[in-house]
Amino acid sequence: MTEFYTWKGYPCAYELYPQKPSDTTSIPLLLIHPIGVGLSKFFWHRFCSLWQEENFPNPIYNPDLLGCGESDMPSVAYYPVDWAEQLQYFLEKIVQRPVILIVQGALFPVAVSLVKLQQKSNLISGLILSGPPQLELMQKASSPVQNKLRWNLFYSPIGKAFYRYARSRKFLDSFSKKQLFADPNQVDEEWLETLEKGAKNSQSQYAVFSFLAGFWRQDFSQAIAQIYQPTLVLVGSQASTISKTNKTETPEQRMKTYLKYLPQAKGNQISGRNVLPYESTREFVQVVSEFLPTIN
């Protein structure tokens, strides 16, 4: 069941998958969903369902970021720190206890920003990175001028027309098969219908435009090097990138690069491409459950 809280005057949605009544010590999981056409907290539903089905004790908090899902959708540009501040409030006012962050894909900048905000509060006990982007994209800021130009283009009638096309079944199906899933047969009716439903509200375009404009492309090198919490880096065996970079890398190279820069990290490869919690849910649940006991 969806619950709501208010942050900066905006209604924000979240789901709580409670722990067993007899268990009050297990660390909660806080999920950060990806940004994209029609994406929201629903992205984690397969993971949450299987987690409860397997009777793992950890409760799950599954929020909608501002601009997505059932949260309010102001017509503004969103930066990683904006979502991080929303989650900081959520942690301090709603959860009120330490959590383990599980962050999907290129929303890692939000997790990095949140860890930085939480340095004094100690409300983050560990992190799990699901299919993080190439580290190169996290170590060099894109041009603020170019970002602004792209944002203005997306905000124009041209951009709005593009969004109408991008939320069509044809585009969603093609993009998912080419960029997100290793197995095209996994792009099923559940996935496509949920994306269509999530993109039906045209106000959802602004979070997507913020991502496409490149506002998440900043230099996080120093902040990443200061993440001292235990971190699990999960990479799909067929991982790819949808952003332009100066070099290509294998999934193994991507994982090793992260392990080199994160102070206290472990890595693992599982089957799938770029949406591991959805495409390879059972494997994802298994490796997450094995990692949690290593966090004190």
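The preceding data block contains the structure.
Residues numbered from 1 in each chain as written. Predicted model: local features only at pLDDT ≥ 70, side-chain atom pairs only at ≥ 80, totals over all residues. Heavy atoms only, no water.

Draft legend 1. The sheet that holds strand β4 (residues 60-63), seen in detail. Spatially, the eight strands line up as an open sheet ordered β1-β2-β4-β3-β5-β6-β7-β8, and their pairing is mixed. Edge positions in the sheet fall to β1 (2-7) and β8 (265-270), since each has one partner strand and no second. Strand-to-strand twist in this sheet, taken as the mean axis angle between neighbours without regard to direction, amounts to 25 degrees. Two strands pair when backbone bridges link them, and strand β7 (residues 231-236) and β8 are joined in this way by six bridges, in the parallel orientation. Counterpart to L234 in the pairing with β8 is N268. (Pairing = 2+ DSSP bridges. Helix = DSSP H or I, 4+ residues; strand = E, 2+ residues; numbered from the N terminus. Axes fitted to C-alpha atoms, helices over the stretch in contact; angles between N-to-C directions.)

Draft legend 2. A look at unusual backbone geometry. One non-glycine residue, Q96, lies in the positive phi region at around 60 degrees. For Q96, the location among the structural elements is in the loop between α2 (80-95) and β5 (99-104). Backbone geometry at N122 places phi at a positive 55 degrees, although glycine is not the residue there. One can find N122 in the loop between α3 (108-117) and β6 (124-130). Overall, the relative accessible area of 56% leaves N122 in the exposed class. (Buried < 20%, exposed > 50% of the residue type's maximum accessible area, 1.4 Å probe, protein only.)

Draft legend 3. Representation of the nonpolar core in the model. Judged by nonpolar contacts, the single largest core of 96 residues is most densely connected at F47, L101, F108 and W191. Setting aside its immediate chain neighbours within four residues, F47 contacts L29, L31, I60, I102, P277, T281, F284 and V285. (Core = buried A, V, L, I, M, F, W, Y, C linked by side-chain atoms within 4.5 Å. Contact = heavy atoms within 4.5 Å.)

Draft legend 4. How the structure looks around the environment of V112. Residue placement: V112 occurs in helix α3. Taking the relative accessible area as the measure of exposure, V112 reaches 2% and is therefore buried. Filtering out sequence-adjacent residues up to four positions away, V112 remains in contact with M138, F220, A223, I224 and I227.

Draft legend 5. Up close: the pattern of salt bridges. On inspection of all chains with the given rule, the structure shows eleven salt bridges. One salt bridge connects K41 with E70, and the closest N-O pair in it is separated by 2.7 Å. Taken together, the residues span a long stretch of sequence, with K41 in the loop between β3 (29-32) and α1 (45-53) and E70 in the loop between β4 and α2 at a distance of 29 residues. Between E249 and R254 there is a salt bridge whose closest N-O contact spans 2.9 Å. (Salt bridge = Lys/Arg side-chain N within 4 Å of Asp/Glu carboxyl O.)

All quantities given are derived from atomic positions and should not be read as evidence of function.
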